[in-house]
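Close look at the chain arrangement
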Amino acid sequence: MGNELIQITAVSQPGLTGEPQSSPDSSSGGLKTFYIETFGCQMNVHDSEKVQGVLLARGMKPVGDHAQADLVLYNTCSIREKAAQKVFSRLGAFRKGDGGAGKVIGVLGCVAQQEGERFFERAPQVSLVCGSASYSKLPHLLDKLEAGKRRVSGLSLDTDECFETELTRRDNPFRAYLTIIEGCDQRCSFCVVPMTRGPQRSRPSEKILAEARQLVDEGYTEIQLLGQIVNAWQDPSSARWSFAELLSHVAEIPGVRRVRFTTSHPRFFSPDIVQAIDAHSTLCDQIHLPVQSGSTAVLARMLRGYTREEYLEKIHCIRKARRTISLSTDVIVGFCGETRQDFEQTLSLMKEVGYDQVFSFKYSPRPNTLAEANGEALAEEEKGRRLAELQELQRQIQVRRNQALLGETIEVLVEGYQVRLGQAVGRATTNRVINFPGSPEDIGRYLAVKVTGAGPNSLVGARA
Ligand code: SAM
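So, a few notes on the structure that sits alongside this text. In this numbering scheme, every chain counts its residues from 1 along its sequence in written order. Only residues with pLDDT of 70 or above have their local features reported here, since the model is predicted, and side-chain atom pairs are shown and tallied only from 80 upward, although totals for entire chains, interfaces and linings are computed over all residues. Side-chain metrics rest on all non-hydrogen atoms present in the structure, leaving aside hydrogens and water.

The next thing to look at is the sheet that holds strand E9 (residues 175–179). In spatial order, the strands read E9-E12-E13; together these three strands make up an open sheet with parallel pairing. This sheet does not close on itself; its edge strands, each paired only once, are E9 and strand E13 (258–262). For this sheet, the mean angle separating the axes of adjacent strands, direction not counted, is 20°. Whether two strands pair comes down to DSSP finding at least two bridges between them. By the criteria applied, helices consist of DSSP H or I runs no shorter than four residues and strands consist of E runs no shorter than two, each listed in order from the N terminus. Sheet topology note: the strand E12 (residues 222–226)/E13 ladder contains five bridges and is parallel. Bridge pairing in E13 places Glu 222 opposite Arg 258. Pairs of residues are marked as contacts when any of their non-hydrogen atoms sit within 4.5 Å. Axes here mean lines fitted to C-alpha atoms, for a helix over just the part in contact, with angles spanning 0 to 180 degrees between N-to-C directions. Each of E9, E12 and E13 touches helix H1 (residues 42–57); the most contacted strand, E9, lies at about 95° to it.

This is the structure we're talking about:
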């Protein structure tokens, strides 16, 4: 979900979407090879796929090791302090003389935006600093570097543009990410995203649909619509589709087998989304709806814009859907001023909802957020204790919910194969992972698998 920590590097056989804008002959003089490492959410992963498209269109070649690259890029995440620190540890290696000489090193994404040109002082080996709201300026910034400029930056947040590329290098051969909305206009008091990704801007429905059709033509069967707040999407084109209408149109593209969307915000979650899922079997049986806290008092301090009761009403609406929809959420523990009683309300909400997956985090104070100025921090040890208690509760809930599936037959998309175990790894429409005896040839196929075992995090099965 919007919180999985994912690291990707360039891989050898990516899917390429679109045609190069220029031939390799028009390529950069100095920068011939690139390496990119990505931290953070799916939005960052997909941004990196588009950045790679820009570089490939310049005739540059991906390499699997930073040591061989002319251009080394880190696409960074600053959602929590730990994530933000990762790029500094990578850059530290260059400072110690680990092959940095002669390379251009660039920092992209949320930490780049947050630190801005201070980066150049903090890490003098860095030549390029660019936030996601300025990615459309990347070709221009790279031109400047190649013309000999030592330091360039793209840091303006004043934009109504989305990052459109002619070419996108997709790393997953079956599931394609597709951005429908960028930035965020919410002001959740814990969150840096509005300051790092800029104002909310939606892509027009016709562009989204054209990209989705192209993806299907290229053989992708699963499309995941992305946005920091995906369901805040508003069609800027004259069609004026609602988000639920957009979902329906994408779901109806011939050849699409699965459509997911992430991350939804409860404030914008409306019943027509559930009606769209009811009407289209290709819309997956899965909704990620971050609650953050089960206490109305904490939600108010977080500026989330809903109460516990209003959130539970949305869950009730989802539970009334024709198919059983799997629910997942994000929770922050130890937010400023969270009492034991507030925390217990989060535990009771988790029991009441029965999530299939919970991404839980200790509150991490972030620069320039409203919470920073606002409250009484909890001790790290107490946050740690609460996190462990919450995760143990959720483990028990998941075991119970997964065991209820024993004996059921589930359609999975096979996403991988573990050679050592001889096991295929499939994913259900609910997003559950199922391991079963299979072969490497199964990868990419949709297969029926009977559930024979259940753990907290995955299922075990056999071909039905
Ligand atoms: N835009 C989505 C929303 O508002 O629901 C979530 C996006 S964020 C990338 C993913 C998750 O990180 C959030 O849902 C929240 O649980 C967590 N998160 C954000 N800021 C945090 C902070 N300062 N400390 C701890 N966790 C945080």
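Let us now look at the pattern of salt bridges. Here, a salt bridge means any Lys or Arg side-chain nitrogen found within 4 Å of an Asp or Glu carboxyl oxygen. Using the criterion set out here, one finds 30 salt bridges in the structure. A salt bridge links Arg 90 to Glu 37, with the shortest nitrogen-to-oxygen separation between them at 2.6 Å. Residue Arg 90 is located in helix H2 (residues 81–95), and its partner Glu 37 is located in strand E2 (residues 33–38); the two are separated by 53 residues in the primary sequence. Exposure categories follow from relative accessible area, calculated using a 1.4 Å probe and restricted to protein chains: below 20% of the type maximum is buried, above 50% is exposed, and the middle band is partly exposed. What makes Arg 90 partly exposed here is its relative accessible area of 26%. In this structure, the salt-bridge partner of Arg 203 is Glu 211, at a minimum N-O distance of 2.8 Å. Look at Arg 203 and you get buried, because its relative accessible area is 5%. Linked by salt bridges that have partners in common, Glu 164, Arg 170, Arg 203 and Glu 211 make up one network.

Further remarks concern the site of the ligand. Around the ligand sit 17 residues, and of these Phe 190, Gln 228, Gln 292, Asp 330 and Ser 364 come closest. At 2.8 Å, a backbone N or O of Gln 228 approaches a nitrogen atom of the ligand. Pairing of N or O atoms within 3.5 Å defines a polar contact, subject to two protein rules: one partner must be a possible hydrogen donor and the other a possible acceptor, and residues neighboring in sequence count only if both atoms are side-chain atoms. The contact in question runs from an oxygen atom of the ligand to an N or O atom on the side chain of Asp 330, over 2.6 Å. The protein chains shown are the only cover counted for residues, whose accessible areas, like all others here, come from Shrake-Rupley with a 1.4 Å probe. Here the ligand loses 97% of its free accessible area of 570 Å² to cover by the protein chains. Residues that form the shell around the ligand fall into these classes: six nonpolar, six polar and five charged. What makes a residue near a molecule or strand is one non-hydrogen atom of that residue sitting within 4 Å of it. Residue polarity is assigned by list, with Asp, Glu, Lys and Arg as charged and Ala, Val, Leu, Ile, Met, Phe, Trp, Tyr, Cys and Pro as nonpolar; anything else, Gly included, falls into the polar class.

Burial analysis of strand E18 (residues 423–428) places five of its six residues in the buried class, which makes it a mostly covered element. Pairing between strand E17 (residues 409–418) and E18: six bridges, direction antiparallel. Bridging from a neighbouring strand, Leu 413 pairs with Arg 427 of E18. Across five bridges, E18 lies against strand E19 (residues 433–437) in antiparallel orientation. Residue pairing for E19: Gly 426 is matched across the bridge by Ile 434. Counting the residues in the hairpin turn of E18 and E19 gives four residues, including Asn 431, whose phi is positive at 85°.

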